[in-house]
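Chains, contacts and geometry: an overview
Spelled out, the chains give:
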Amino acid sequence: MLFSPFTLKSVVFPNRIVMPAMCQYSAEEDGLALEWHYVHYGSRAVGGTGCIIVEATAVEPRGRISAQDLGLWDDRQVEPLRRLVDFCRRQGAVMGIQIAHAGRKACGPELVAPSALPAGPDQPTPRALSQGEIQDIVGQWGLAAKRAAEAGFDLLQIHGAHGYLIHEFLSPLSNARDDEYGGDLPGRMRFLLEIVEAAKAHWPEDKPLSVRLSAVDYLEGGLTVSDTVQIAAKLKEAGVDLIDVSSGGLLPAPIQARPGYQVPFAEAVRRGAVIPTIAVGLISTTELAEEILANGRADFVALGRELLRNPYWPLQAMGNQRENWPFQYRRAARN
Ligand SMILES: Cc1cc2nc3c(=O)[nH]c(=O)nc-3n(C[C@H](O)[C@H](O)[C@H](O)COP(=O)(O)O)c2cc1C
């Protein structure tokens, strides 16, 4: 099944292999894509990855994870990404981009969050956002979505995982607000749903929209799988097409990572909210990838570090299907 196509809206994914968003810390302070990004993403497109999700790309400078993050807060940032998208699409890859705001885990001097609670015992305390500031940030997500569309991306992913700003709103461990952006799950979800709405106002209707979530916080009182299924169901109602199911990152927590450790979360969301999912986390063999797909546990498998080790993993997994190799490399395909 790894090499069967999958359609979401007008986009046909040539196979089920996804490269998940992975920060490269390789831009300059202006957030523009550079040669590193062309070679790095281009290699995975040549290597047969069906869908590449470009790294966390900041919706405003204050939301960067590092000063070398890509950005989509300025119109100047569109053109270099358009070149990247054009090249990778010509190799057959579906091109996605993850737009992000790091909230209290950002790199700059001004840390903002739903509440003045730090990301761990030795971490700095952020400032709680006012409602007016929340509206401004929602607007920035919308504009970043517009610029992603202008760059020609096929898929937009909103980063709602790993303890960054959206996740900070979602989890009761980081959101202690007593206004309509806090409290019960519908309140904590409001920020994300407003971002989805703002993104949809600018993102083409015929292109898929994805959200990445951390399914669990691995901590007492934190987000649970059942919360995440409810969030995913609401996102589906709001017009989201695909949930990328990760976990953790909010606060230090014990995690027992092993091959496929997050797959049960992707499966729970897929079955519980009846929405396509991406499974991710220590997936590096075709056997595990095929098992996940064949048993309907997810619709896509994302390989992060494995694709960093080996950009040609998909070509190798294709074996002797020479016709699927880039023509430039066909003499090297096994047959
Ligand atoms: C170098 C590196 C950078 C990452 N950056 C991001 C990111 O920008 N956004 C994100 O959602 N996850 C990020 N992640 C997490 C990956 O997308 C993925 O979920 C994680 O590596 C687990 O998958 P794997 O075991 O296949 O590597 C990053 C991981 C790595 C190794």
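For the structure itself, look to the data block above.
The structure contained in this document is the topic of the report that follows.

1. Looking at the site of the ligand
- Residues in close proximity to the ligand total 15 residues, the closest being Ala21, Gln98, Arg212, Leu282 and Arg305.
- One of the backbone nitrogen or oxygen atoms of glycine 304 is found 2.8 Å away from an oxygen atom of the ligand.
- The contact in question runs from an oxygen atom of the ligand to an N or O atom on the side chain of arginine 305, over 2.6 Å.
- For the ligand, the protein covers 82% of the area, taking 600 Å² as the surface of the free molecule.
- Using a 2 Å cut-off from the grid points, one finds that the ligand occupies the largest pocket.
- Here the residues of the shell around the ligand sort into 8 nonpolar, 5 polar and 2 charged.

2. So, empty space enclosed by the protein
- Per the stated rule, a full pass over the model turns up 1 cavity of 30 Å³ or more.
- Roughly 30 Å³ of volume is contained in the largest cavity.
- The wall of the largest cavity is formed by Ala56, Thr57, Ala58, Gly63, Ile65, Asp69, Ala100 and Ala102.
- Sort the elements by how many residues they give to the lining of the largest cavity and strand E4 (residues 51-58) lands first, with 3 residues.
- Here the lining of the largest cavity is built from residues that sort into 5 nonpolar, 2 polar and 1 charged.

3. What about the pattern of salt bridges?
- For the structure shown, the criterion picks out 17 salt bridges.
- The residue arginine 297 makes a salt bridge to glutamate 267 at a minimum N-O spacing of 2.9 Å. Of the two residues, arginine 297 sits in the loop between helix H8 (286-294) and strand E13 (300-302) while glutamate 267 sits in helix H7 (residues 263-273), which places them 30 residues apart along the sequence. Taken as a pair, arginine 297 and glutamate 267 share a single burial class, namely buried.
- For the salt bridge of aspartate 299 with arginine 270, the shortest nitrogen-to-oxygen distance reads 2.9 Å. Of this pair, aspartate 299 sits in the loop between H8 and E13 while arginine 270 sits in helix H7, and the two are 29 residues apart along the sequence.

4. Some points on the layout of surface pockets
- Considered as a void within the structure, the largest pocket measures approximately 390 Å³ in volume.
- Lining the largest pocket are 21 residues; nearest its centre among them are Val280, Gly281, Leu282, Gly304 and Arg305.
- Among the elements that make up the lining of the largest pocket, the one with the highest residue count is helix H9 (residues 305-309) (3 residues).

5. Concerning helix H6 (residues 225-237)
- Between the first and last C-alpha of H6 there are 18 Å, a value that for 13 residues agrees with the 18 Å anticipated at 1.5 Å per step.
- Turning to H6, its buried residues are Asp227, Thr228, Val229, Ile231, Ala232 and Leu235.
- One or two residues past the end of H6 sits glycine 239, with phi positive at roughly 105°.

6. Some remarks on the packing of aromatic side chains
- For the structure on display, the rule yields 6 aromatic pairs.
- Aromatic side chains phenylalanine 169 and tyrosine 181 sit 6.4 Å apart centroid to centroid with 75° between the ring planes, which places their arrangement in the edge-to-face category. Residue phenylalanine 169 is located in helix H4 (residues 165-170), and its partner tyrosine 181 is located in the loop between H4 and helix H5 (185-202); the two are separated by 12 residues in the primary sequence. You'll find phenylalanine 169 and tyrosine 181 in the same group, each marked buried.

7. Here we look at the nonpolar core
- Ranked by size, the top nonpolar core spans 81 residues in total, and within it Phe153, Ile158, Phe191, Leu192 and Ile243 carry the most contacts.
- Not counting chain neighbours up to four residues away, the residues in contact with phenylalanine 153 comprise Val54, Leu81, Val85, Met95, Gly96, Ile97, Ala148, Trp203 and Lys207.
- Judged by nonpolar contacts, the second largest core, of 15 residues, contains Phe13, Val18, Leu155 and Ile278.

8. Here we look at the pairing of strand E11 (residues 242-246)
- The buried fraction of E11 is high, at 5 of 5 residues.
- Covered by surrounding structure in E11 are Leu242, Asp244 and Ser246 together with Ile243 and Val245, the residues of both alternating faces.
- Strand direction decides the pairing type here: strand E10 (residues 209-214) and E11, joined by 5 bridges, are parallel. What sits directly across from serine 210, in E11, is leucine 242.
- As for the winding sense of the linkage, the β-α-β connection from E10 through H6 to E11 is right-handed.
- Relative to strand E12 (residues 277-280), E11 is paired through 3 bridges, and the arrangement is parallel. Among the inter-strand pairings, isoleucine 243 is bridged to a residue of E12, identified as threonine 277.
- Following the backbone out of E11, through H7 and into the adjacent parallel E12, one traces a crossover that is right-handed.

Parameters and conventions
Residues numbered from 1 in each chain as written. Predicted model: local features only at pLDDT ≥ 70, side-chain atom pairs only at ≥ 80, totals over all residues. Heavy atoms only, no water. Near = heavy atom within 4 Å. Polar contact = N/O pair within 3.5 Å; in protein donor to acceptor, adjacent residues only side chain to side chain. Areas by Shrake-Rupley, 256 points an atom, 1.4 Å probe, with all protein chains shown as cover. 1 Å grid on protein atoms, 1.4 Å probe; cavity = no way out; pocket = protein on both sides within 12 Å on 5 of 7 lines; lining within 4 Å. Sits in = over half its atoms within 2 Å of the grid points. Nonpolar A, V, L, I, M, F, W, Y, C, P; charged D, E, K, R; others polar. Points joined across faces, edges and corners; volume = space filled by probe spheres on them. Helix = DSSP H or I, 4+ residues; strand = E, 2+ residues; numbered from the N terminus. Salt bridge = Lys/Arg side-chain N within 4 Å of Asp/Glu carboxyl O. Buried < 20%, exposed > 50% of the residue type's maximum accessible area, 1.4 Å probe, protein only. Expected span 1.5 Å × (residues − 1). Phe/Tyr/Trp six-rings, centres within 6.5 Å; stacked < 30°, edge-to-face > 60°. Core = buried A, V, L, I, M, F, W, Y, C linked by side-chain atoms within 4.5 Å. Contact = heavy atoms within 4.5 Å. Pairing = 2+ DSSP bridges. Right-handed = clockwise from strand over helix to strand, strands pointing away.

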